[in-house]
Amino acid sequence: MHYSISEINKIVSGKTLSGIKEAMIAHVSVDTRQLTFPQHTLFFCLTARSDGHQYIPAAYQKGIRNFIISKNIATEEYGDANFILVDDTLKALQQFGKFHREQFKIPVIGITGSNGKTIVKEWLYQLLSAEKNIVKSPKSYNSQLGVPLSVLNMEEKNELAIFEAGISTVNEMQNLEQIIQPTIGIFTNIGGAHDAGFESREQKVKEKLLLFKNAATIIYCSDYEEIEKELNGKSNCISWSLKKNATINVSVSEMGKSNCTVTLNSAKFNISHSALTIPFADTASIENCIHCIAILLLFKYPVEKIQEKIHALRNLPMRLELKYGINNCTIIDDSYSADFHSLQIALNFLNQQETHKKKTLIISAFEETGLSDKDYILRLKNILQQNAFDKLIGVGKVFMQQIESLAYNVKEWYVFESTEKLLEQFHVLKFENELILLKGARSFGFEKITAQLIGQTHATVFEINLNALTNNLNVYKSYLGKDCGIIAMVKAFSYGSGSVEVAGLLENQRVSYLAVAYADEGIHLRKNKIATPIMVLNPDAVDFDRMMDNDLEPEIYSLQILRELIEKASGRHINIHLKIETGMNRLGFVENDIDELNTELSKHKNITIKTIFSHLAGSEDAHLDEFTNQQISTFNSLSEKITSNLNYSVKKHLLNSSGILRFPQAHYDYVRLGIGLYGVDSTSSIQQQLQTIGTLKTRISQIKHVQKGETIGYSRKGLAEKNIKIAVLAIGYADGYDRRFGNGVGEVFIAGQRAKIVGNICMDMCMADITHIDETHEGDEAEIYGKEISIIEQAEKIDTISYELLTRISSRVKRLYFLD
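This report concerns the structure included in the present document. (Residues numbered from 1 in each chain as written. Predicted model: local features only at pLDDT ≥ 70, side-chain atom pairs only at ≥ 80, totals over all residues. Heavy atoms only, no water.)

1. Brief notes about the overall build of the protein chain
Next, step 1: Counting its secondary structure elements, the protein chain contains 27 helices and 40 strands.
Next, step 2: Its C-alpha atoms give the protein chain a radius of gyration of 29 Å, within 12% of the compact-globule value 28 Å for 820 residues.
Next, step 3: Its C-alpha atoms give the protein chain principal-axis dimensions of about 90 × 85 × 60 Å.
Next, step 4: Looking at the 820 residues of the protein chain, the share that counts as buried comes to 57%.
Next, step 5: The long-range fraction of contacts in the protein chain, counting pairs at least 24 apart against all pairs at least 6 apart in sequence, stands at 64%.
Next, step 6: Each charge class in the protein chain can be summarised by its mean position, and for the 88 positive and 97 negative side chains these summaries are 2 Å apart. (Helix = DSSP H or I, 4+ residues; strand = E, 2+ residues; numbered from the N terminus. Rg over C-alpha atoms; globule rule 2.2 N^0.38 Å. Buried < 20%, exposed > 50% of the residue type's maximum accessible area, 1.4 Å probe, protein only. Contact = heavy atoms within 4.5 Å. Lys, Arg positive; Asp, Glu negative; His and termini not counted. Charge placed at Lys NZ, Arg CZ, Asp CG, Glu CD.)

Here it is as structure tokens:
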């Protein structure tokens, strides 16, 4: 992409504020934290979730000199910068994307549907990239923002484009269609995702089909009745079905653990009883694979070639993962794809991590770039020059003569002809106290390097989806005014999700405050480079010195704790947060304390009140609304008695996650977002909008056959009333799996089905009845909590709350963080 700033001004129908200083634009950005070539970057100041105009100074300081804005600003202090004023910056970005798309006459595949969009896109890239130079959506860039950013990656060398499009309500797809302008469409399926945004499933189908209104060909599965109803009989459609007559008739047979046979019949493609073995056996993967086969048939690949390609297809991780490794290393594993766009995303993620000073990149040669070795190295050099590494490791023949030019400012560098050669010399590399990014093409098998870096791990893991966390944060933001900030609760190891990693993401999302329970939690965050203001909700007087040393701000809830702080501070400045009692009868100043509190504060100007707050006792319960409104009234009255005696303004906050939704009149200056951030809506009103952020998984250690009359586990509580088959799972109460789930109360999810726990939960393991599940094997995965086994549902079974189950997940359970 190369446009002059004058051209872009015309494309977006903008107005220049200070004349044009001619510049060439090769990149666009909407985030000052993710910049590679600032001098050739155009920054769009979006306003949907946070006002991008406030980041103009930071962008300018980082070298950006070209801005698209929707507000008049004083441009005098940015004398050498271009500012283009438009009515709506997002629409301007979409308009730019549309114009750029129209410069290309290549085939464009557009993909939509409720599920499978990203996997189908990535599989098509894997299947077709050997013959075609392909541009595709990075990760899951399928939104009103993600689509134009994806399309703007199109280059002259590309021979095929593959973009996905996702919507959550009506009147969204028409914008995406104008930007993608697909020539070929794939409608993966229709399901319950985003149902809340539509009047009916039929309406959702019609809205999604707008993506294909000008497409020459549409591929879909006619077994979905709502899709079939809209597309049946249309001449530009290629349908496939497992149940009825279609363009491609499909039958599935010879189901194994990890593969199956599909037989295809199609008059259109002149194939009859053509059998293909595909390396998957689950329903979703079979469906996704058949969509890909239909594309290969459309592109005139013979069945023999299709079999060859499908045989090499693998169920890729499809995500960037953050893992803990040997010798205090942290691993960013992004080895499922290797291209320049995904490299930039991975580097941005690397630069957001502050856990280690030493940073290492292990990178393989990329495949099918369409570039000569010289041009490939030059482009890679331009990207890597914008990032600082202490160690660079290149894998592949292309690096053998070129690594020095890439590593000119790197302290330590190595080059290996192959992954196997690297593994032979693994001991020489001495990985220790490093943040390591692995970026490798599939053929290099970087999973072998990952295995060496990870070492031995417990079979039980808690996977945390950082994209889901961001989604949940944005859901709650959408209920707030633009001037209302968020205090994010990261106490109790971020509700079991991992404090540093979650805090780092929230800091990058620019929350106003982080809140912890104890000083040690806050100090841990400071040691890991978290700079966001931190509130300590349960301070102990013995920690006041350490809190001041680490710039932590204590909650002050009584005259006694205030006097202890005054004594410890000895005139040193400290910010505090006053908690007042409004009816919870936990911590907080009561009304009779206020006069004496004001007197004490007036004597000590080194103490600054940053916020005044209280806590609602029943914000999620409509039956308690009268009491809640009384609490709000008391809070207003008591906080006014304090602020009226101050000569500076103080911010206020009262609401927790459920209060945010039910009492908008009390949003004040901040709200405190806790369990809602982690995917649980206590009011049940927006649960469908929230995403599960954590999945607790383990593995089957052993499968046993138990005869009728035998017992299972301690105290012989599990009685086999018939011959049964059980799975011994590698999780117990020492991992945080509550003993109350024993004896048929709890359930786990194995091989697509639920299985009840039998017998007592042991310290390190438990047993599940899998008699009814045929295809199970030792080593198979079992979900404890997640998308299939709702943590809310499980909590209700043992008469507790999801908070308790999350915070009980033991620290010995490995946390694995990933971005979809």
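2. Brief notes about the pattern of salt bridges
Next, step 1: Taken as a whole and assessed by the stated rule, the structure comprises 42 salt bridges.
Next, step 2: Across the pair Lys136 and Glu122 runs a salt bridge, and its minimum N-O distance is 3.2 Å. In this pair, Lys136 is assigned in strand E9 (residues 134-136) and Glu122 in helix H4 (residues 117-128), connecting sequence segments 14 residues apart.
Next, step 3: According to the relative accessible area criterion, Glu122 is buried, its value standing at 2%. (Salt bridge = Lys/Arg side-chain N within 4 Å of Asp/Glu carboxyl O.)

3. Considerations on the nonpolar core
The nonpolar side chains of a soluble globular protein tend to be buried, and buried together.
Next, step 1: Core analysis: the largest hydrophobic core is formed by 149 residues, its most contacted members being Ile362, Phe399, Leu506, Leu514, Leu578, Leu729 and Tyr737.
Next, step 2: Among all residues touching Leu514, those that are not within four sequence positions of it are Ala488, Val490, Ala503, Leu506, Leu525, Ile530, Thr532, Pro533, Ile534 and Met535.
Next, step 3: Core analysis: the next-biggest nonpolar cluster, separate from the first, contains 42 residues, Ile119, Leu127, Phe269 and Ile310 among them. (Core = buried A, V, L, I, M, F, W, Y, C linked by side-chain atoms within 4.5 Å.)

4. Notes on the sheet that holds strand E14 (residues 248-253)
Working definition: the strands of a sheet are paired by backbone hydrogen bonds and lie parallel or antiparallel to each other.
Next, step 1: Strand order across the open sheet formed by nine strands is E9-E10-E8-E11-E12-E13-E14-E15-E16, with mixed pairing between neighbours. Edge positions in the sheet fall to E9 and strand E16 (271-278), since each has one partner strand and no second. Between one strand and the next, the sheet's axes are offset by a mean angle of 20 degrees, whatever the strand orientation.
Next, step 2: Note: strand E8 (residues 108-112) against strand E11 (residues 184-187), four bridges, orientation parallel. Bridge pairing in E11 links Ile111 to Ile186. (Pairing = 2+ DSSP bridges. Axes fitted to C-alpha atoms, helices over the stretch in contact; angles between N-to-C directions.)

5. Section: the environment of Glu721
Next, step 1: By secondary structure assignment, the location of Glu721 is in the loop between strand E34 (718-719) and strand E35 (724-729).
Next, step 2: In this structure the C-alpha to C-alpha distance between Glu721 and Lys610, which are 111 residues apart in sequence, comes to 63 Å.

6. So, the sheet that holds strand E7 (residues 82-85)
Next, step 1: Across the sheet, which stays open at both edges, the five strands sit in the order E2-E7-E6-E5-E4 with mixed pairing between neighbours. The open sheet has two edge strands, strand E2 (15-16) and strand E4 (27-29), and neither has a second partner.
Next, step 2: Where strand E5 (residues 41-44) lies against strand E6 (residues 66-69), three bridges are found, and the strand directions are parallel. For Leu42, the partnering residue across the bridge sits in E6 and is Asn66.

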